[in-house]
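Below, each chain spelled out in residue letters.
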Amino acid sequence: MPFLEYNTAIVLGGTTLLGFASGVIGVLGLLRRRALLGDALAHATLPGICLAFLLFGRQFGALLFGALVTGIAGVALVALLSRYTRIKEDANIGIVLSVFFGGGLALSTYIQKNSVDAAQAGINGFILGRTAGMVQADLIFICTAAVAVCFVVLLFYKEFKLLCFDPDFAAVEGWPVVRLDFLLMLLLAVTVVIGLPAVGIVLMVAMLIVPPAAARFWVAGLAPMMWLAGAFGALTGAAGSLTSTYAADLPAGPVIVLCGSALFLISLLFAPRRGILARARDRRRWRKRRAIRGFLRILYEASEAALPERAALPIADLLGRFPGRAREAEALVAHAARAGWLERAESEERAALRRSAPRAAAAAEGDDAVRLTAAGLQKAAEAARIHRLWQHYLRTSAHIDRDIVDPDAEEIESILPRAVLAQLEEDLKNAGTLPGGGAPVRALAGLPRELAT
Amino acid sequence: MSRPGDIQTPPAVELHDLTVAYHKKPVLWDIDLAIPEGEMVGIIGPNGAGKSTLIKAVLGLVPAATGWVRVFGESYASRRREVGYVPQRESVDWDFPVSALDVVLMGTYGRLGWCRRPGAAERKQALGALERVGMQDFARRQISQLSGGQQQRVFLARALAQNARLYLMDEPFAGVDAATETAIVNVLRDLKQQGRTLLVVHHDLQTVEGYFDRVVLVNLRLVAAGPTREVFTRDNLLATYGGRLTILDQAAETVRRFEDWLPQTGAEPPHSAARAAAPQRLLSPPGAPPPAQPQHGAAPQAARRPPGENHALP
Ligand SMILES: Nc1ncnc2c1ncn2[C@@H]1O[C@H](COP(=O)(O)OP(=O)(O)OP(=O)(O)O)[C@@H](O)[C@H]1O
Ligand SMILES: [Mg+2]
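What counts, and at which threshold
- Residues numbered from 1 in each chain as written.
- Chains lettered and ligands numbered in written order.
- Predicted model: local features only at pLDDT ≥ 70, side-chain atom pairs only at ≥ 80, totals over all residues.
- Heavy atoms only, no water.
- Helix = DSSP H or I, 4+ residues; strand = E, 2+ residues; numbered from the N terminus.
- Buried < 20%, exposed > 50% of the residue type's maximum accessible area, 1.4 Å probe, protein only.
- Contact = heavy atoms within 4.5 Å.
- Areas by Shrake-Rupley, 256 points an atom, 1.4 Å probe, with all protein chains shown as cover.
- pLDDT = per-residue confidence, 0-100.
- Near = heavy atom within 4 Å.
- Polar contact = N/O pair within 3.5 Å; in protein donor to acceptor, adjacent residues only side chain to side chain.
- Nonpolar A, V, L, I, M, F, W, Y, C, P; charged D, E, K, R; others polar.
- Pairing = 2+ DSSP bridges.
- Phe/Tyr/Trp six-rings, centres within 6.5 Å; stacked < 30°, edge-to-face > 60°.
- Core = buried A, V, L, I, M, F, W, Y, C linked by side-chain atoms within 4.5 Å.
- Patch = residues over 30% accessible without salt bridge, like charges linked within 9 Å, V, L, I, M, F, W, Y side chains within 5 Å.
- Salt bridge = Lys/Arg side-chain N within 4 Å of Asp/Glu carboxyl O.
- Axes fitted to C-alpha atoms, helices over the stretch in contact; angles between N-to-C directions.
- Parallel < 35°, antiparallel > 145°, perpendicular 65-115°, else oblique.

*Asks:* Can you walk me through the overall build of chain A in this structure?
*Replies:* Along its length, chain A carries 20 helices and three strands. Residues counted as buried form 49% of the 453 residues belonging to chain A. Across chain A, the fraction of contacts at a sequence separation of at least 24, relative to all contacts at a separation of at least 6, is 71%. As presented, chain A carries roughly 21,900 Å² of accessible surface, and 63% of it is formed by carbon and sulfur atoms.

*Asks:* What exactly am I supposed to notice about the confidence of the model for chain B here?
*Replies:* Interpretation of the predicted coordinates at a detailed level should be avoided for regions scoring low in pLDDT. Residue and element names in this part refer to chain B. Model confidence for chain B is summarised by a mean pLDDT of 79, while 75% of its residues fall at 70 or above. Across chain B, element-level confidence peaks in helix α3 (residues 100–105) with a mean pLDDT of 96 and bottoms out in helix α12 (residues 271–277) with 40. Here residues 261–314 is a poorly scored stretch, pLDDT under 50, and it has 89 contacts once near neighbours within four places are set aside; other chains count. Across the whole predicted complex the pTM is 0.79, and at the interface the ipTM reaches 0.77.

*Asks:* Just checking my understanding: could you explain the site of ligand 1 for this structure?
*Replies:* All names here are of chain B. Around ligand 1 sit 14 residues, and of these Gly 48, Gly 50, Lys 51, Ser 52 and Thr 53 come closest. Ser 52 places a polar side-chain atom, nitrogen or oxygen, 2.6 Å from an oxygen atom of ligand 1. A distance of 3.3 Å separates an oxygen atom of ligand 1 from a polar side-chain atom of Glu 171. About the coverage of ligand 1: the protein hides 62% of its 630 Å² of free accessible area. Secondary-structure elements contributing two or more residues to the shell around ligand 1 are β2 (25–35) and α1 (51–58). In terms of residue count, the dominant contributor to the shell around ligand 1 is α1 (three residues). Looking at the shell around ligand 1, its residues break down into four nonpolar, seven polar and three charged.

*Asks:* I keep staring at the pairing of strand β3 (residues 369–372) of chain A and nothing clicks. Help me out?
*Replies:* Consecutive side chains of a regular strand alternate in pointing toward one face of the sheet and then the other. All names here are of chain A. Where strand β1 (residues 313–314) meets β3, two bridges bridge the pair, whose relative direction is antiparallel. Bridging across to β3, Leu 313 finds its partner in Val 370. Examined bridge by bridge, strand β2 (residues 342–345) and β3 share four bridges and lie antiparallel to one another. Counterpart to Glu 343 in the pairing with β3 is Arg 371.

*Asks:* What is the right way to look at the packing of aromatic side chains in this model?
*Replies:* Using the criterion set out here, one finds twelve aromatic pairs over all chains in the structure. The interplanar angle of 65° and the centroid separation of 5.9 Å between the aromatic rings of Phe 217 of chain A and Phe 264 of chain A together place this pair among those described as edge-to-face. Pair noted here: Phe 217 of chain A is in the loop between α11 (204–216) and α12 (222–246) and Phe 264 of chain A is in helix α13 (residues 252–270), with a separation of 47 residues, a long-range link. Phe 217 of chain A gets classed as buried once you look at its relative accessible area, which sits at 18%. Where Trp 94 of chain B meets Phe 155 of chain B, the ring centres are 5.0 Å apart and the plane angle is 50°; that geometry is what we call tilted. Pair noted here: Trp 94 of chain B is in the loop between β5 (83–86) and α3 and Phe 155 of chain B is in helix α6 (residues 148–162), with a separation of 61 residues, a long-range link. Comparing Trp 94 of chain B with Phe 155 of chain B shows no difference in burial state: the two are buried. Through a chain of ring-to-ring contacts, the aromatic side chains of Phe 156, Phe 160 and Trp 175 of chain A together with Trp 114 of chain B assemble into a single cluster.

*Asks:* I keep staring at the nonpolar core and nothing clicks. Help me out?
*Replies:* In globular proteins that are soluble, nonpolar side chains generally tend to be buried together. With 169 residues, the main nonpolar core has Ile 25 of chain A together with Leu 15, Met 169 and Leu 188 of chain B as its most contacted residues. With 13 residues, helix α10 (residues 177–199) of chain A is the single largest residue contributor to this core. Apart from the residues within four sequence positions on either side, Met 169 of chain B is in contact with Ile 55, Val 86, Leu 156, Leu 188, Leu 191, Leu 198, Leu 199, Val 200 and Val 201 of chain B. With 25 residues, the next largest nonpolar core counts Ala 329, Trp 341, Val 370 and Ala 384 of chain A among its residues.

*Asks:* I tried to follow a nonpolar patch on the surface on my own but got confused; where do I start?
*Replies:* Residue and element names in this part refer to chain A. Together, Trp 218, Ile 266, Phe 270, Ile 276 and Leu 277 give the surface a local cluster of nonpolar side chains, amounting to about 470 Å² of exposed area. At the level of secondary structure, the elements contributing two or more residues to the nonpolar patch comprise α13 and α14 (276–304). Mapped onto the secondary structure, Ile 266 falls in helix α13.

*Asks:* Please explain unusual backbone geometry as it appears in this structure.
*Replies:* The general pattern is negative phi for most residues beyond glycine and trans for most peptide bonds. Residue and element names in this part refer to chain B. Positive phi, close to 50°, is recorded for His 23, a residue that is not glycine. With respect to the element layout, His 23 can be found in the loop between β1 (13–22) and β2. With a relative accessible area of 66%, His 23 lands in the exposed category. Residue Lys 24 is not a glycine yet carries a positive backbone phi of 70°. Its location among the elements puts Lys 24 in the loop between β1 and β2.

*Asks:* How should the environment of Ala 312 of chain A be read in this particular structure?
*Replies:* Residues and elements named next belong to chain A. Relative to the helices and strands, Ala 312 resides in the loop between α14 and β1. Accessibility expressed as a relative area gives 27% for Ala 312, which makes it partly exposed. If we ignore the near neighbours within four places in the chain, the residues touching Ala 312 are Ala 345, Glu 346, Ser 347, Ala 369, Val 370 and Arg 371.

*Asks:* Hey, could you run me through the packing of α6 of chain B against helix α7 (residues 178–193) of chain B in this one?
*Replies:* A pair of packed helices can be characterised by two numbers: the angle between their axes and the separation between those axes. Residues and elements named next belong to chain B. Relative to each other, α6 and α7 sit at 10°, their axes nearing to 10 Å. Taken together, the axis directions place α6 and α7 in an arrangement best described as roughly parallel. Of the residues in α7, those touching α6 at Gly 149, Gln 152, Arg 153, Leu 156 and Leu 160 are Thr 180, Ile 184, Val 187, Leu 188 and Leu 191.

*Asks:* I'm lost on the pairing of strand β9 (residues 221–227) of chain B in this one. Help?
*Replies:* All names here are of chain B. Bridge analysis of strand β8 (residues 214–219) against β9 gives six bridges, and the strand direction is antiparallel. Counterpart to Asn 219 in the pairing with β9 is Arg 221. Where β8 folds back on β9, the antiparallel hairpin that results is connected by one residue, among which Leu 220 adopts a positive phi of roughly 70°.

*Asks:* What should I look at first to understand α1 of chain B in this one?
*Replies:* Since the α-helix packs 3.6 residues into each turn, any two residues three or four apart lie on the same face. Residues and elements named next belong to chain B. Along α1, seven of the eight residues are buried, which leaves the element largely enclosed by surrounding structure. Those residues of α1 that sit buried are Lys 51, Ser 52, Thr 53, Leu 54, Ile 55, Ala 57 and Val 58. A positive phi of about 75° marks Gly 60, the residue just after α1.

*Asks:* How should the sheet that holds strand β6 (residues 166–170) of chain B be read in this particular structure?
*Replies:* Across a sheet, strands are paired by hydrogen bonds formed along the backbone, either parallel or antiparallel in direction. All names here are of chain B. One open sheet accounts for six strands, arranged β5-β6-β7-β3-β8-β9; its pairing is mixed. Each of the sheet's edge strands pairs with one partner strand only, and the pair in question is β5 and β9. The average angle at which neighbouring strand axes cross in this sheet is 15°, direction not considered. In terms of strand pairing, strand β3 (residues 40–44) meets strand β7 (residues 197–202) through five bridges, oriented parallel. Its bridge partner lying in β7, Ile 43 is registered against Val 201. Of the strands in this sheet, β3, β5, β6, β7 and β8 are in contact with α1, which crosses β6 at around 150°. Packed onto the sheet, α7 meets β3, β6 and β7 and runs at close to 150° relative to β7.

Shown next as structure tokens:
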């Protein structure tokens, strides 16, 4: 037996295309806030399927057509209720959904009781989805409709984009907003209806929501989002229908939706920038970098008075700047030492003690002070320089453009225009507070606290 | 504002007997108004006065219960290519997955027509519009990552890309800082220089005289409309903001201040100076404590500390 039987292959093709179409149209539905309306639509199809069966018997096309008719009727009813009553749309969706679905369930029970054909009709298959019973003609029908949906979206991509982003502006520009909305709704309806045989009424809305939601984690633009949602949908459909074919007892709909949910979960966790893990990691890194830069600044400011000598800084003083956060402070000292920015030193008191009472000094354990190394001084001066330049910028020029201020930016040069930067540096130099830059920096002490502005 | 007998150039916007109602409750009532071409006109009124509704009625976004609207002497539908629109910023979802450039390109869609995608010419035009509002460096940025003022400027750029003769703008200065406001005002003045007509909903009474040639004072009804010097008076402001005493006093105060100032200086408004001198924003709620300093350009607290103060050596 070949790996894929012919029938399995066409089912696979059908669900893949269906998944692609529902991912693409789902993006627009989601952005136009029609996701829940899609759910109402799906549930409102059941009475149509049943009525079509009662009228025309088991004809795939007729059943889907019946589904489309009552599905759209349900959506229209939601729109009418929202417009002409004071009831809000979400409540109307709930009302329509339950009334139509309840009616449909009653009808399908009636059919089951009274029709010999019922099992063949597979009306229950429409509720939870069933790929096994599909025949080639059905699948060709599904594929054609899915391709048509994608084609229409491609054709009116620009119009739909405008409609979803700013319908008022679209109306002002003369686009027929109501008709575009109707077209979008029709595309959603067609996608839902062709998805029913495989995915089922209950879970069809997931095919419209889950792939776009997952895609949003990976990309930022509308077109990339549509392509990726389409790809996710296709993958979902393919994986789900394969699984349900080889585990014949499972209904197709739940399996397909579970595959989609797995994709969503992976996106939620692992997407490179918007995923939960990436964001947590970014935040952690940012905080650490920030803490280190702040500590470097503290080291510089503590050393500044004695420059160009690199003063010994008592560790107790350094730790004293982090009240209640001793562990963090120790970690920072350790980090700076590992990075080669700090070396051991001796505080003045200890030096004095050693001179007067060498034995007592030797009895005290370890070193009680550190000193910036040459490399450390350079790093620390740079951190202080950037900090002071931003401070000065905020004080003097933020009314020009506050949006660009980023005190954590490693390179102020790439953000501020060169002339502005030169002016800021000039000001700091005149005030004697520009760190580094080769020239010896005057001590901070004795200077007016406010910089010249 | 109408100039009877001036048949050759119809007014840019003409409203006759216009009444607009939501659920049978009128929010604009019997408005008669004509805006001559080439002027920068401010629409002033308290919250809920119907300013946005007035603009939407001109644009056909809300139906008129009675009366009619003419744009350049014709129906809006036949002149819509010549009208640009800047909606209130809150009217769209700024989490939408598009870039600033994408939004500005939307201003060219009307000209493109059905199914044609914007090409190189449109991109160039959109980038030019972004440049005019000082946003060229943000073209590729997702709109969700823009600040409020930058979003406002993107909307303005989209309107510029529409290349219209008449612009209707709903609170383009809402929530922007002083620098952005200046940038936007300069763009608006440019447009006026080119002979375009601007109808701008505005909230800050202190800057009205500096910005607008004409004002329209509305509060449900049309209180007054005409050249700013004639119409932007204490009495009219009292009539517009009627009943709210604290605001009235402040409004009167503003008018007085501007009357004091007008004879001494030239045409340029003492915009930022007046702002800084004002003890309180005009429309801030009664009893609100006066801000410690001008709100615009206020830097975060920490940044105002002199360096070294909190890390001073022992
Ligand atoms: N869609 C709507 N449905 C019902 N009432 C509305 C609607 N839009 C506005 N209104 C009402 O119409 C009146 C005028 O609203 P409008 O938005 O025109 O005021 P505005 O002058 O623009 O106010 P603001 O300064 O707050 O923007 C308000 O009382 C408002 O509550
Ligand atoms: Mg408004």
